[in-house]
Amino acid sequence: MAAGARVRLRRLLPGLLTPGVLTVAVLAGCLGATAVLWQGARQDAEHDARVDFDSRVRELVNNLDQRMQTYMQVLYGVQGLFVSSAEVDRDEFRTYLAGQNLNQHFPGIQGVGYMALVTPAQLAGHERALRQGGYPAYRIRPGGERAWYAPIVYLEPFSDNNQRAFGFDAASEAVRRGALEQARDSGLPAVSGKIRLVQEHVEPAQSGFLMLLPLYRHGQPADTVAARRAAIAGWVYAPFRVGDLMAGLGGPRAAALDVEIYDGVALAEPARMYDSHPAIGAQARGSVQQISVGGHLWTLRISAVPGFAALPDKAAPIAVAGTLLSALLAGLTWLLARGRLRARAALARAEVLAGELQEGQSTLLVLADGAQRSQAMLRSILDSTVDGILVDNLQGGVLNANRRFRELWNLPEQLDWQADGAALMAHMARQMLHPDQAMQLSSPPLPPPGLQGSSQLELLRLRDGRVLEQHTRRLQLGSEPARLWSFRDITERTQGEQREQTRRQVLELLATGAPLQTILESVVHGVEAGNADMLCSILLLDEAGEHLLVGAAPSLPAFFNAAVHGHAIDRGQGACAQAVLTRSRVIVEDIRNAPAWAEYRDLALRARLGSCWSDPIFGAAGNVLGAFAIYHRDARLPSPANMALIEQAARLAGIAIEQARATVALRAGEARFRSLYDHAPVALWEQDWSGVRAALAELELSGIDDLGRYLQANASQLRRLAGLVRIVDANAAALAQVGAAAGRKDLSQLSLAQNFDQAAMPSFALALTALAQGQHFFACEASFERLDGVARLNELTLLVMPGHTHSLDFVIVSTLDVTERRRMDDELRLLATTDFLTGLPNRREFMRRLEDEHGRVRRDVEACATVLLLDVDHFKRINDEHGHAAGDAVLRQLGALMRDGQRKIDMLGRIGGEEFAVLLPGTPLDAGAVFAERLRQRVAEAAMRLDGGVLLTVTVTVSIGIAAMGRADSGGDVALRRADQALYCAKRGGRNRVELLDVEADRPGVQVPAASD
């Protein structure tokens, strides 16, 4: 720039930078910054309000689902009353339900009743019996002829209002009849559509519905739909008013929600069952949820009521403060500019002061803007984290805590935790299982030099069964030291790991044939290992079903175990006896005040036992095997985590008991096989094969050399020979095995199909060949047909009696029905090798197959194989935004997509979490890349749906890493590690892509980090 131009510019600037121009410029800049901050604060407030609303909606839906499950358990208890008794009269029904105290514990339920199935032929006798039983005006209504009737016979409490329903035929109305038929055919709980209860006699009437469970006649099979229809005897049911059901649900948090419930999926006025705020119209903030109860779908439209309380709005204070600060800065600018004009004589000094003032103003603006943004961002981040955060100043004062911390520690609203840190610590200590682990806000000793900022990890166990992971870290806030505490709820992960470890130990003990006591002690130790304050025991029901025997109780005193061993259950003393008698969970909060513990109270106090929770142990057939009990030293009630724990432990104990008893029974059966024929506990058959022997001689004369191959190739000849086998005799066990009438032996209805049915003809051919060649003994497995047409599995042993080898007229066949054992073995094998969520092989099974394939590659010079490792992109976001149920649905559908594209020789597996692996035998690396790209595209294009059929709003993609299996690898897991490295590259490259890693990438000097997310 020329010198003249610079001079003109220097003269022009003082004219433009007048006090008015500077003031307007500063005011406009500050107001603009204030507007930006104000808009950001408004967006944060709206986000927080939406998060709070979604949390209330989830809590309300979960509470409704839990309440319906609780009511369903009430009906299961009544069903168990009918199943356990040959006949339940009205007094017994009333006494049982009086103990349930329905009005106090189960709001919304109008009663529990029993509907009897009455055919037209039984109608007159049914009405006559009820009239003679004390109800002279009883009749089934409404009148009319129908194919069958379902009148309400019992209904408790039998109040004036409920008496209106006495004798009402539920089958007379289409909606109720549909629910009855659904429960009858499925054998499961059923819920009716929207109805008006018979008890409703005032207007406006509440909408209602029925919940039903079927009752089948004792001793009749109910394994098919036709069998269940033939065996149905009646239904237990409960009528509900929807308005009473929803009363008080969700507590104060749900009071800010307008809840509408619709029957089915349509949001139509005729389908509306409930509206908590009828006067409120449609709202801007709302959500539509669906819940399935007893096979029936409800749709919930939930919206926020006007005046929905959200977090304090920070936008208005920011706007006011920013405007005032802008006016202040503008005023200062104007004063400084005026002073500059008045002090033109001291120009040099004024320029220095103006520069310093302008720098100070800029710094102030930056600091104010940064402080506002930092504070808003910090609060938003803290309140949206999954961890609970607490910050203290090492001197007993609490500086900050986020929402998650208050939820984890159940802080009451009235607790002033910021002003009183000691009260906060005392509240937290009362919730801990070991109060001596409670935090101390007093300043701890400083860490050694060089360890400032290092973190400490500790596990905290709470009295309600939860496990929290606590991280402690020192930090510096300005010039003052501080400390940050973070808490994470790892209860589900901890319990899952403990359950998996216990399950593996039990499966290993079962596989090795360990004694039942050892197996049960393993189950007990598994529960106690993760819950140090629990003392567990397993009591077994004796064969007579009258006494409880101690199966495993290693942590209880010996004198206590000796006293309860052989305890008779008919007196109902003790939680375990009550659990076995009622076939339901029994919770005794305080043993000292429990009437059912009167006989053993002194013994329990001597053993220092304060509470007892007991769950019945059921077998696969629904029979009670015993009880699983958890004791505590003090009086307490179980938390939801404790309830899930005892239920899972009882289920695992039931599997272990049945499997161990089945093994013992099998061995005992083999030992009794050598007893006398008429008293043998196994099925024994005396057969005459002389006709078969003569037919075989004719075949031999015709030139048949290889009898076994000939029989396998000529099915018609094999069937003809099977028809020549004559059943001479069969013992009682054999007749019972095939379903013959007890006490009557009719050999004319027996044939070889009761040993070898049509599907088992190849096994019969092997047995025939062996005996024809002179063998005295042959054993095999086959399927047989019972007289009622049911096919089952058995183990057969064929023994030719000495001296009859050439005639085959005296063959003893022993059979043992192993259908249930095979089913249990298959279930255990499936549990040990399959991932329960996706149905794919688990990590252990996949690694075994991977090692087998590596051995094949090393043996065969021309063999090759490729390993794929894939991971769902941003899977945590799916869980956070849609819930873990949505995440599980995505994993199941991903497993199904992988199965659709695999070959028969390919091996799939779920390695862990959202990580899957694929083994492609005989596939080079480039062909594996084509397969991976096809799989990636199919996943990206697939529409993921929730279990209820709702379409997932996010697109699910996967990242895939591929590696070739090398012949020089030390094991199959080396290729898997290379695939993991390739997966890391795919994630670093932007996700939703395929990356390859050849064997050469694993050579020394090449460093590729492993995938971490």
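Quantities reported herein were computed from a predicted structural model and do not represent experimental measurements. (Residues numbered from 1 in each chain as written. Predicted model: local features only at pLDDT ≥ 70, side-chain atom pairs only at ≥ 80, totals over all residues. Heavy atoms only, no water.)

A.B. asks: Any chance you could explain the overall build of the chain here in plain terms?
C.D. replies: What the chain contains, in helices and strands, is 30 helices and 30 strands. The burial tally for the chain puts 44% of its 1013 residues in the buried class. Of all intrachain contacts in the chain linking residues separated by at least 6 positions in sequence, the fraction that spans at least 24 positions is 63%. Only carbon and sulfur atoms are counted for the fraction: they give 55% of the accessible area of the chain, which is about 50700 Å². (Helix = DSSP H or I, 4+ residues; strand = E, 2+ residues; numbered from the N terminus. Buried < 20%, exposed > 50% of the residue type's maximum accessible area, 1.4 Å probe, protein only. Contact = heavy atoms within 4.5 Å. Areas by Shrake-Rupley, 256 points an atom, 1.4 Å probe, with all protein chains shown as cover.)

A.B. asks: How should I be thinking about the packing of aromatic side chains in this particular structure?
C.D. replies: Aromatic rings in a pair are described by how distant their centres are and how their planes are angled relative to each other. Going through the model one piece at a time under the given rule, you end up with 16 aromatic pairs. Look at Tyr71 and Phe240: their rings are 5.1 Å apart centre to centre, the planes differ by 35°, and that puts the pair in the tilted class. Separated by 169 residues along the polypeptide, Tyr71 in helix 2 (residues 19-83) and Phe240 in strand 5 (residues 232-241) bring together distant segments of the chain. Here Tyr71 matches Phe240 in class, with each residue buried. Among the aromatic side chains, those forming a connected cluster through ring pairs are Tyr71, Phe209, Phe240 and Trp298. When the ring centre of Phe559 is taken as origin, the NZ or CZ atom of Arg606, which lies over that ring, is 3.9 Å away. (Phe/Tyr/Trp six-rings, centres within 6.5 Å; stacked < 30°, edge-to-face > 60°. Lys NZ or Arg CZ within 6 Å of the ring centre and 35° of its normal.)

A.B. asks: Help me understand the sheet that holds strand 6 (residues 257-263), please; the structure alone is not making it clear to me.
C.D. replies: Two modes of strand pairing occur in sheets, parallel and antiparallel, and in both the strands are linked by backbone hydrogen bonds. Across the sheet, which stays open at both edges, the 4 strands sit in the order 7-6-9-8 with antiparallel pairing between neighbours. The open sheet has two free edges, formed respectively by strand 7 (272-275) and strand 8 (286-293), since each of these has just one partner strand. Pairwise comparison of adjacent strand axes, ignoring direction, gives a mean angle of 20° for this sheet. The sheet contact formed by strand 6 and strand 7 spans 3 bridges and is antiparallel. (Pairing = 2+ DSSP bridges. Axes fitted to C-alpha atoms, helices over the stretch in contact; angles between N-to-C directions.)

A.B. asks: Whenever I open this one, the packing of helix 26 (residues 843-859) against helix 30 (residues 972-988) confuses me. Can you help?
C.D. replies: When two helices pack together, their arrangement is given by the angle between the helix axes and by the axis-to-axis distance. Taken N-terminus to C-terminus, the directions of helix 26 and helix 30 make an angle of 110°; their axes are 8 Å apart at the nearest point. The pairing of helix 26 with helix 30 is recorded here as roughly perpendicular in orientation. The segment helix 26 lies against helix 30, with Phe846, Met847, Leu850, Glu851 and His854 engaging Gly972, Asp973 and Leu976. Tallied by class, residues from the contact of helix 26 with helix 30 come to 4 nonpolar, 2 polar and 2 charged. (Parallel < 35°, antiparallel > 145°, perpendicular 65-115°, else oblique. Nonpolar A, V, L, I, M, F, W, Y, C, P; charged D, E, K, R; others polar.)

A.B. asks: Sorry, what's going on with the pattern of salt bridges here?
C.D. replies: Two side chains that carry opposite charge are able to pair once their charged atoms sit near each other. Counting across every chain of the model gives 41 salt bridges. With its nearest N and O atoms 2.6 Å apart, the salt bridge here joins Arg488 to Asp387. Separated by 101 residues along the polypeptide, Arg488 in strand 14 (residues 480-489) and Asp387 in the loop between helix 11 (347-384) and strand 10 (388-392) bring together distant segments of the chain. On the basis of relative accessibility, which here comes to 38%, the residue Arg488 falls in the partly exposed class. Since its relative accessible area comes to 15%, Asp387 is described here as buried. Between Glu781 and Arg822 there is a salt bridge whose closest N-O contact spans 2.7 Å. One end of the pair, Glu781, is in strand 23 (residues 777-785); the other, Arg822, is in helix 25 (residues 819-833), with 41 residues separating them in the sequence. Each of Glu260, Glu269, Arg272, Asp275 and Arg301 takes part in a single network of salt bridges with overlapping partners. (Salt bridge = Lys/Arg side-chain N within 4 Å of Asp/Glu carboxyl O.)

A.B. asks: Explain the environment of Leu868 to me, please; I cannot follow it from the model alone.
C.D. replies: For Leu868, the position within the fold is in strand 26 (residues 865-872). Overall, the relative accessible area of 0% leaves Leu868 in the buried class. Distance in space between the C-alpha atoms of Leu868 and Gly961 is 5.7 Å, their sequence separation being 93 residues. Not counting the four nearest positions on each side in its chain, Leu868 is found in contact with Phe916, Ala917, Val918, Leu920, Gly928, Phe931, Ala932, Ile960, Gly961 and Ile962.

A.B. asks: Looking at this structure, how should I read a nonpolar patch on the surface?
C.D. replies: Where nonpolar side chains cluster on the molecular surface, the patch consists of Leu328, Leu332, Trp334 and Leu335 and spans about 380 Å² of accessible area. Position of Leu328 among the secondary structure elements: in helix 10 (residues 315-342). (Patch = residues over 30% accessible without salt bridge, like charges linked within 9 Å, V, L, I, M, F, W, Y side chains within 5 Å.)

A.B. asks: What should I look at first to understand the sheet that holds strand 19 (residues 611-618) in this one?
C.D. replies: Within the open sheet, the 6 strands sit side by side as 17-16-15-20-19-18. Their pairing is antiparallel. Looking at which strands have only one partner, the edges of the open sheet turn out to be strand 17 (567-568) and strand 18 (586-588). Two elements, strand 16 (residues 547-552) and strand 17, share 2 bridges in a ladder whose sense is antiparallel. What sits directly across from Leu548, in strand 17, is His567. On the sheet, helix 15 (residues 516-529) packs against strand 15 (535-541), strand 16 and strand 20 (624-632) and is oriented at approximately 145° with respect to strand 15. Sheet strands touched by helix 17 (residues 575-582): strand 15, strand 16, strand 17, strand 18, strand 19 and strand 20. Its angle to strand 19, the strand with the most contacts, is close to 35°.

A.B. asks: Explain the pairing of strand 5 here, please?
C.D. replies: One face of the sheet, then the other: side chains in a regular strand alternate in exactly this way. Of all the 10 residues making up strand 5, 9 are buried; the element is thus mostly covered by neighbouring parts of the structure. Where strand 1 (residues 112-116) and strand 5 come together, 4 bridges link them in antiparallel fashion. Across the sheet, the residue bridging to Tyr114 is Val236, located in strand 5. The sheet contact formed by strand 4 (residues 208-216) and strand 5 spans 9 bridges and is antiparallel. Across the sheet, Gly208 pairs through a bridge with Arg241, a residue of strand 5.

A.B. asks: Help me out: how do you make sense of the environment of Gln456 in this one?
C.D. replies: Within the secondary structure, Gln456 is located in strand 12 (residues 455-461). Under the relative-accessibility criterion, Gln456 is labelled exposed at 56%. The sequence separation of Gln456 and Gln470 amounts to 14 residues, and the corresponding C-alpha distance is 8.0 Å. Here Gln456 is in contact with Gln470, His471 and Thr472, once residues within four sequence places are set aside.

A.B. asks: Looking at this structure, how should I read the side chain of Asn755?
C.D. replies: With respect to the element layout, Asn755 can be found in the loop between helix 23 (732-737) and helix 24 (761-772). For Asn755, the side chain forms a polar contact with the side chain of Gln687, separated by 2.5 Å. Setting aside anything within four residues of it in sequence, one finds Asn755 in contact with Trp685, Gln687, Ala782, Ser783, Phe784, Asn794, Leu796, Val813 and Thr815. (Polar contact = N/O pair within 3.5 Å; in protein donor to acceptor, adjacent residues only side chain to side chain.)

A.B. asks: Any chance you could explain the nonpolar core here in plain terms?
C.D. replies: Here is a general trend for soluble globular proteins: nonpolar side chains tend to be buried in one another's company. If you look at the biggest cluster of nonpolar residues, it comprises 52 residues, and the most contacted ones within it are Val112 and Trp298. The leading source of residues in this core is helix 2, at 13 residues. With residues near it in sequence (within four places) discarded, Trp298 still touches Met68, Val191, Phe209, Leu245, Ile261, Tyr262, Asp263, Gly264, Met273, Gln289, Gln290 and Ile291. One finds Ala683, Leu707, Tyr710 and Leu808 within the second-largest nonpolar core, a separate group that totals 41 residues. (Core = buried A, V, L, I, M, F, W, Y, C linked by side-chain atoms within 4.5 Å.)

A.B. asks: Looking at this model, I keep getting lost on helix 29 (residues 925-941). Mind explaining?
C.D. replies: Note: α-helices contain 3.6 residues per turn, so residues at a spacing of three or four share the same orientation. For helix 29, which comprises 17 residues, the first-to-last C-alpha distance of 24 Å matches the rise-based estimate of 24 Å (1.5 Å per residue) to within 8%. The set of residues buried in helix 29 consists of Leu925, Gly928, Ala929, Phe931, Ala932, Leu935, Arg936 and Val939. All buried residues of helix 29 fall inside an arc of 165° around its axis, so they share one side. For helix 29, exposure combined with an orientation more than 90 degrees from the buried face picks out Asp926, Val930 and Glu941. Buried residues along helix 29 sit in contact with strand 26, helix 28 (884-900), strand 28 (915-921), strand 29 (958-964) and strand 30 (994-997). (Expected span 1.5 Å × (residues − 1). Arc of directions from axis to C-beta.)

A.B. asks: Which parts of the structure should I look at to understand the confidence of the model for the chain?
C.D. replies: In regions of low pLDDT, the predicted coordinates are not meant to be interpreted in detail. Looking at the chain as a whole, the pLDDT averages 81, with 88% of positions reaching at least 70. Counted against residues more than four places away or in other chains, residues 448-453, with its pLDDT under 50, gives 5 contacts. Taken together, the stretch residues 1000-1013 has pLDDT below 50 and engages in 17 contacts with residues farther than four places along the chain or on a different chain. (pLDDT = per-residue confidence, 0-100.)

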